[in-house]
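Spelled out, the chains give:
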Amino acid sequence: MYNNGSYSEYSAYFASVQQGHWCHEDASKCPCGGGGWLLSELDIWVACRVHDGPHPEWLDAYRDALDEGGDVTALPALPTFPEPEWEDDGIPF
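In this report, the structure presented in the accompanying data block is examined. Being a predicted model, the structure only gives us computed values, none of them experimental.

Conventions used here
Residues numbered from 1 in each chain as written. Predicted model: local features only at pLDDT ≥ 70, side-chain atom pairs only at ≥ 80, totals over all residues. Heavy atoms only, no water. Helix = DSSP H or I, 4+ residues; strand = E, 2+ residues; numbered from the N terminus. Contact = heavy atoms within 4.5 Å. Areas by Shrake-Rupley, 256 points an atom, 1.4 Å probe, with all protein chains shown as cover. Patch = residues over 30% accessible without salt bridge, like charges linked within 9 Å, V, L, I, M, F, W, Y side chains within 5 Å. Salt bridge = Lys/Arg side-chain N within 4 Å of Asp/Glu carboxyl O. Lys, Arg positive; Asp, Glu negative; His and termini not counted. Charge placed at Lys NZ, Arg CZ, Asp CG, Glu CD. Core = buried A, V, L, I, M, F, W, Y, C linked by side-chain atoms within 4.5 Å. Buried < 20%, exposed > 50% of the residue type's maximum accessible area, 1.4 Å probe, protein only. Polar contact = N/O pair within 3.5 Å; in protein donor to acceptor, adjacent residues only side chain to side chain. Disulfide = S-S within 2.5 Å.

**Here's the deal with the overall build of the protein chain**
Thought 1: Of regular secondary structure, the protein chain possesses 2 helices and 2 strands.
Thought 2: Across the protein chain, contacts joining residues at least 24 apart in sequence account for 29% of those joining residues at least 6 apart.
Thought 3: If you sum the accessible surface of the protein chain, you get close to 7,600 Å²; carbon and sulfur atoms cover 52% of it.

**So, a negative patch on the surface**
Thought 1: A cluster of acidic residues, Asp 60, Asp 64, Asp 67 and Glu 68, forms a negative patch on the protein surface.
Thought 2: Relative to the assigned elements, Asp 67 resides in helix α2 (residues 59–67).

**Some remarks on the nonpolar core**
Thought 1: Core analysis: the largest hydrophobic core is formed by 8 residues, namely Val 17, Trp 22, Cys 23, Cys 30, Cys 32, Leu 38, Val 46 and Cys 48.
Thought 2: In this structure Cys 30 touches Trp 22, Cys 23, His 24, Cys 48 and His 51, once residues within four positions along its chain are discounted.

**Regarding the environment of Asp 26**
Thought 1: Mapped onto the secondary structure, Asp 26 falls in the loop between α1 (9–19) and β1 (37–39).
Thought 2: Separated by 24 residues in the primary sequence, Asp 26 and Val 50 place their C-alpha atoms 9.2 Å from one another.
Thought 3: Only 3.0 Å separates the side chain of Asp 26 from the side chain of Ser 28, close enough to count as a polar contact.

**Section: the state of the cysteines**
Thought 1: Enumeration according to the criterion identifies 0 disulfides in this entry.
Thought 2: A disulfide-free cysteine, Cys 23 has its sulfur positioned 3.7 Å from the sulfur of Cys 48, the nearest such atom.
Thought 3: This cysteine, Cys 32, is not joined by any disulfide, and Cys 30 carries the nearest cysteine sulfur, 3.5 Å off.

**Some thoughts on the side chain of His 51**
Thought 1: Summarising the element assignment, His 51 is placed in the loop between β2 (45–47) and α2.
Thought 2: Given the relative accessible area of 15%, His 51 is considered buried.
Thought 3: At 3.3 Å, the side chain of His 51 forms a polar contact with the backbone oxygen of Glu 25.
Thought 4: With near-sequence residues (within four places) excluded, His 51 lies in contact with His 24, Glu 25, Asp 26, Ala 27, Cys 30, Cys 32, Gly 34 and Gly 36.

**Let's talk about unusual backbone geometry**
Thought 1: Even without a glycine there, the phi angle at Asp 43 is positive, about 60°.
Thought 2: On the secondary structure map, Asp 43 appears in the loop between β1 and β2.
Thought 3: The exposed category is assigned to Asp 43, whose relative accessible area is 62%.

Rendered as structure tokens:
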């Protein structure tokens, strides 16, 4: 699928990273280090399929909730942003 020339090297890398082939049961051998997240070469955080942990961008909020004895499951979800509406520019892709 990725070797037929229709995908770039980055596309193939992204697909491989998203599938989680890099995960390892042993936290000392897993690229996530047991923390549950890998920062890929494309500067994208990818969740580990084996280890679970708070998203690195929310570690401060997670630690603050733990220090205060709060419920870490009540932390807000990562913000999502709606796809902007694009005007048709006539370009076919």
